[in-house]
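Okay, here's what each chain looks like letter by letter:
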Amino acid sequence: MGKSVAQKVIEKHLVEGEPKPGEPIAIKIDQTLTQDATGTMAYLQFEALGIPRVRTDLSVSYVDHNTLQTGFMNADDHRFLQTVAARYGLYFSRPGNGICHQVNLERFGVPGRTLLGSDSHTPTGGGIGMIAIGAGGLDVAAAMAGYPFYLAMPKIVLINLKGKLPPWVAAKDVILEVLRVLTVKGGVGKIMEYGGEGVGSLTVPERATITNMGAELGATTSIFPSDEITKAFLEAQGRGDAWTEILPDPDAAYDETIDIDLGSLEPNVAQPFNPDRVVKVREIEGMKVDQVAIGSCTNSSLKEMLTAAEMLAGKTIAPDLSLMVSPGSKQVFEMMARAGALEKIIAAGGRILESACGPCIGMGAAPPSGGVSVRTHNRNFEGRSGTADAKVYLTSVETAVATALEGVLTDPRKLGSPPRIDLPARFDVNDNMIIPPPEDGSKVEVIRGPNIKPLPVNDPLPDRLEGEVLLKVGDNITTDHIMPAGAKILPLRSNIPAISEYVYEIVDPTFPARAKEAGGGFIVGGENYGQGSSREHAALAPMYLGIKWVLVKSFARIHKANLINFGIIPITFDDPADYDKIESGDEIVIENVRERLEKNEPLTLVNKTKGVEIKGTYELSDRQREIILEGGLLNYVKKSVS
Ligand code: MIC
Ligand code: SF4
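Small disclaimer: the values here were computed from a predicted structure and weren't measured.

**Student:** Go over the overall build of the chain with me, naming the residues and quoting the values.
**Tutor:** When you go through the chain residue by residue, the secondary structure sums to 22 helices and 27 strands. For 642 residues, the compact-globule formula gives about 26 Å, and the C-alpha radius of gyration of the chain, at 23 Å, lands near that figure. Seen along its three principal axes, the alpha-carbon backbone of the chain occupies a region of about 70 × 55 × 55 Å. With 642 residues in all, the chain has 62% of them scored as buried. Excluding contacts between residues fewer than 6 apart, the proportion of contacts in the chain whose partners are at least 24 apart in sequence is 76%. On the chain, roughly 22200 Å² of surface is accessible, and the fraction owed to carbon and sulfur atoms is 49%. Here the chain contributes 65 positive and 81 negative side-chain charges, whose respective centroids are spaced 2 Å apart.

Listed below in structure tokens is the structure:
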């Protein structure tokens, strides 16, 4: 039987296992990326592994999240990252050079290769035919040390694209449509492979918008074929040599197929507080908007920035609204400047921010109280913008600019014909903000500021777990709920004792104090627990507070892997109806935990408060059970190398 693009790349990199859906497999990782908010921890972990130099083909350390330097902390982290990169053989992308995913796509991505990144939007690389996966920092540290990446072989879903996008309808509207159909948990355990005749009408940046936001489906990754369009993109980046053709076989078999007719799509919008709450713009048009933000790793390519500039040319934004624009990379920024696009945006009243994540992660540009913000970003979770009661709506650049001009949510199709944007045949290549590693880094001194605290380590799992349910939450809890980001908390990413004070801050600010007082405890949740960001701090900080297990109806992939990596047992209800038999404050005992895990048997949770028993199951590979028994991946790896 023929093979899909995803199967071809996975089979080429297979180190262990059989690539059948659900089976544990391990794949070789060619490239890694980190960003600063997850990177400091990842490099502390890499250092703890005691390997002298990275063992990948290419590893890049980016600085793009914590660029608001309101104190010494972020600057200290940047200096640590730069020196650590030089010491261990990594490329360093300096602050100002752009968002990791955008820059990696432009300057480093190679079709047919594997990329593991400590950021959930790493699948952006799928836009040029990479198997690009988001993971926790510790998994990336292990990959840099030459270990393969372990995962359950995903199902492969064909998203069969037909036709061509109508005027004013963008790639963002395609992925919002997929989110509407599949929801934020519809992609769990799956790879979304885009195919069909419609693929030929989408450029690489458009494809990358779609694979980027596949993260919001909970998918392991998303991928497009590497075809003539990919070749043209790489050639325009002066990297034509990196291209190889990777097409699906004509008789490729898929586990599922979803048809999407591009020609029938309309501008879409995701309403608060989840990216799958998608309706057509025209259905809620006219809503008053306080702020528009254009940028993020989803929508900040040159084409999009030039489109925004042309739409704004000679006009003025609405009087009660603020417009923020952050270009995705220095390349995009420089080319916008040369093309006169910045001038048009500034003249229209746009506020130009640096090339970084910025408002997307609450690093500045928080909306006003109760405000409405229309953003071209990928996440609209509660509180993520930095304003607890603000409402974020996600749209394409075209809809966002139309809205900025009108002051109310506006369907761009009202604006006549769209501007014609001619992209240059060659991008301007200037890699002067990427520092290659020295040949021998062994003498480089790694500089640590006072904000960089040693890595906490866990003890091996005890045989009896007794304690209190400290918190019970509902469905679709995000890692932004568990470990919030934003300008105040992000600078503490390399200081676990300090950041742990903010665990669950927007849900229950008493959580950290209660956890400390009780000497640890447990958490209960609903479906799709831990969706969103890859931040391992959402497992590491709870581990630091003494959380030993989390019991839920279902988990999101990356968060589950992070819990395992830090020795927290990810338990699921055998019977989801038992969710009602356990409340916050209940005292729970689990006996013989080690033995049960060793034998791969279900756990019995005795609820002493309610006098009932709950059966807890788990889906863990042999290796994952061993990791938990050891108290986490770091202990496990150290043991295997010693
Ligand atoms: C995000 O978009 O939430 C982030 C910030 O990029 C995270 C990583 C992090 O929390 O550092 C992600 O998506 O993985
Ligand atoms: Fe940065 Fe936002 Fe992309 Fe995360 S989603 S990498 S915060 S731009």
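There's plenty left to go through after this.
**Student:** Talk me through the sheet that holds strand 2 (residues 24–27); I want residue IDs and the actual numbers.
**Tutor:** Taken together, 3 strands build an open sheet; the order of strands is 1-2-8 and the sheet is antiparallel. Of all strands in the sheet, those with a lone pairing partner are strand 1 (14–16) and strand 8 (149–152), marking the two edges. Sheet twist, expressed as the mean angle between neighbouring strand axes with direction ignored, is 40°. Direction of pairing for strand 2 relative to strand 8: antiparallel, over a ladder of 4 bridges.

**Student:** Mind laying out the pairing of strand 9 (residues 155–162), listing which residues take part and the relevant values?
**Tutor:** Taking burial as the measure, the 8 residues of strand 9 include 6 buried ones, the bulk of the element. Two elements, strand 9 and strand 10 (residues 190–195), share 6 bridges in a ladder whose sense is parallel. Directly across from asparagine 160, in strand 10, lies its bridge partner glycine 195. On the question of chirality, the crossover connecting strand 9 to the parallel strand 10 by way of helix 6 (residues 171–182) is right-handed.

**Student:** I'd like a description of the site of ligand 2, backed by residues and values.
**Tutor:** Near ligand 2, the surroundings consist of His65, His101, Asp119, His121, Ser296, Cys297, Cys357, Cys360, Ile361, Asn378 and Arg384. Of the residues belonging to the shell around ligand 2, the class tally is 4 nonpolar, 5 polar and 2 charged.

**Student:** Account for the nonpolar core, naming residues and giving values.
**Tutor:** A general tendency of soluble globular proteins is for nonpolar side chains to be buried together. Counting residues in hydrophobic clusters, the biggest one holds 81 residues, and the most contacted among them are Tyr504, Phe511, Tyr529, Trp549, Val550, Ile569 and Leu597. For tyrosine 504, the residues in contact, after removing those within four places along its chain, are Leu471, Val473, Ile477, His481, Ile482, Pro484, Pro509, Phe511, Ile523 and Tyr529.

**Student:** Account for the pairing of strand 26 (residues 603–607), with residues named and values stated.
**Tutor:** Looking down a regular strand, the side chains alternate between one sheet face and the other. Side chains Leu603, Leu605 and Asn607 project from strand 26 onto a buried face, and the interleaved Thr604 and Val606 project onto a face without burial. In terms of strand pairing, strand 26 meets strand 27 (residues 612–617) through 5 bridges, oriented antiparallel. Paired with leucine 605 across the bridge in strand 27 is isoleucine 614. The turn linking strand 26 back onto strand 27 is made up of 4 residues, and glycine 611 within it adopts a positive phi angle of 65°.

**Student:** Tell me about the site of ligand 1, and please be specific about residues and values.
**Tutor:** Lining the immediate surroundings of ligand 1 are 14 residues, of which Asp119, Ser120, Arg384, Ser534 and Arg535 lie closest. The side chain of histidine 65 places a nitrogen or oxygen atom 2.8 Å from an oxygen atom of ligand 1. At 3.0 Å from an oxygen atom of ligand 1 is found a side-chain nitrogen or oxygen belonging to serine 533. Taking 340 Å² as the accessible area of ligand 1 by itself, protein coverage stands at 97%. Of the residues belonging to the shell around ligand 1, the class tally is 2 nonpolar, 7 polar and 5 charged.

**Student:** Could you give an account of the pattern of salt bridges, with specific residues and numbers?
**Tutor:** Should their charged atoms come close, side chains of opposite charge can pair. Using the criterion set out here, one finds 37 salt bridges in the structure. Across the pair aspartate 508 and arginine 514 runs a salt bridge whose closest N-O atoms are separated by 2.8 Å. Taking the relative accessible area as the measure of exposure, aspartate 508 reaches 17% and is therefore buried. In this structure, a network of salt bridges that share partners links the residues Glu266, Arg282, Asp411 and Arg413.

**Student:** Before we move on, can you summarise the sheet that holds strand 20 (residues 434–435) with the specific residues and values?
**Tutor:** Spatially, the 6 strands line up as an open sheet ordered 7-6-3-4-5-20, and their pairing is mixed. A strand with exactly one partner marks an edge of an open sheet, and here the two such strands are strand 7 (131–134) and strand 20. Both strand 4 (residues 58–62) and strand 5 (residues 91–93) contribute to a ladder of 3 bridges, which runs parallel. Looking at the pairing, tyrosine 62 lines up with serine 93 of strand 5. Along the sheet, helix 2 (residues 36–49) contacts strand 3 (31–34) and strand 4; its crossing angle with strand 3, the most-contacted strand, is approximately 115°.

**Student:** Outline the packing of aromatic side chains, listing residues and values.
**Tutor:** Tallied over the full model, the rule gives 8 aromatic pairs. Summarising the aromatic geometry, the rings of phenylalanine 233 and phenylalanine 427 are spaced 6.0 Å apart at their centres and angled 65° between planes, so their arrangement reads as edge-to-face. Of this pair, phenylalanine 233 sits in helix 8 (residues 228–236) while phenylalanine 427 sits in the loop between helix 13 (397–406) and strand 20, and the two are 194 residues apart along the sequence. Across this residue pair, the class does not change: phenylalanine 233 and phenylalanine 427 are buried. Seen from the ring of tyrosine 579, lysine 472 lies directly overhead, with NZ or CZ sitting 4.0 Å from the centre.

**Student:** Would you mind going over the packing of helix 2 against helix 3 (residues 72–88) in detail, with residue names and values included?
**Tutor:** Between helix 2 and helix 3, the shortest axis-to-axis distance is 10 Å and the interhelical angle comes to 45°. The orientation of helix 2 with respect to helix 3, classified from their angle, is oblique. Of the two possible hands of crossing, helix 2 and helix 3 adopt the one that is left-handed. Only Asp77, His78, Phe80, Leu81, Val84 and Tyr88 of helix 3 make contact with helix 2, whose side of the interface consists of Asp36, Gly39, Thr40, Tyr43, Leu44, Phe46 and Glu47.

Reading the values: rules and limits
Residues numbered from 1 in each chain as written. Chains lettered and ligands numbered in written order. Predicted model: local features only at pLDDT ≥ 70, side-chain atom pairs only at ≥ 80, totals over all residues. Heavy atoms only, no water. Helix = DSSP H or I, 4+ residues; strand = E, 2+ residues; numbered from the N terminus. Rg over C-alpha atoms; globule rule 2.2 N^0.38 Å. Buried < 20%, exposed > 50% of the residue type's maximum accessible area, 1.4 Å probe, protein only. Contact = heavy atoms within 4.5 Å. Areas by Shrake-Rupley, 256 points an atom, 1.4 Å probe, with all protein chains shown as cover. Lys, Arg positive; Asp, Glu negative; His and termini not counted. Charge placed at Lys NZ, Arg CZ, Asp CG, Glu CD. Pairing = 2+ DSSP bridges. Axes fitted to C-alpha atoms, helices over the stretch in contact; angles between N-to-C directions. Right-handed = clockwise from strand over helix to strand, strands pointing away. Near = heavy atom within 4 Å. Nonpolar A, V, L, I, M, F, W, Y, C, P; charged D, E, K, R; others polar. Core = buried A, V, L, I, M, F, W, Y, C linked by side-chain atoms within 4.5 Å. Polar contact = N/O pair within 3.5 Å; in protein donor to acceptor, adjacent residues only side chain to side chain. Salt bridge = Lys/Arg side-chain N within 4 Å of Asp/Glu carboxyl O. Phe/Tyr/Trp six-rings, centres within 6.5 Å; stacked < 30°, edge-to-face > 60°. Lys NZ or Arg CZ within 6 Å of the ring centre and 35° of its normal. Parallel < 35°, antiparallel > 145°, perpendicular 65-115°, else oblique. Left-handed = near helix turned anticlockwise from the far one by under 90°.

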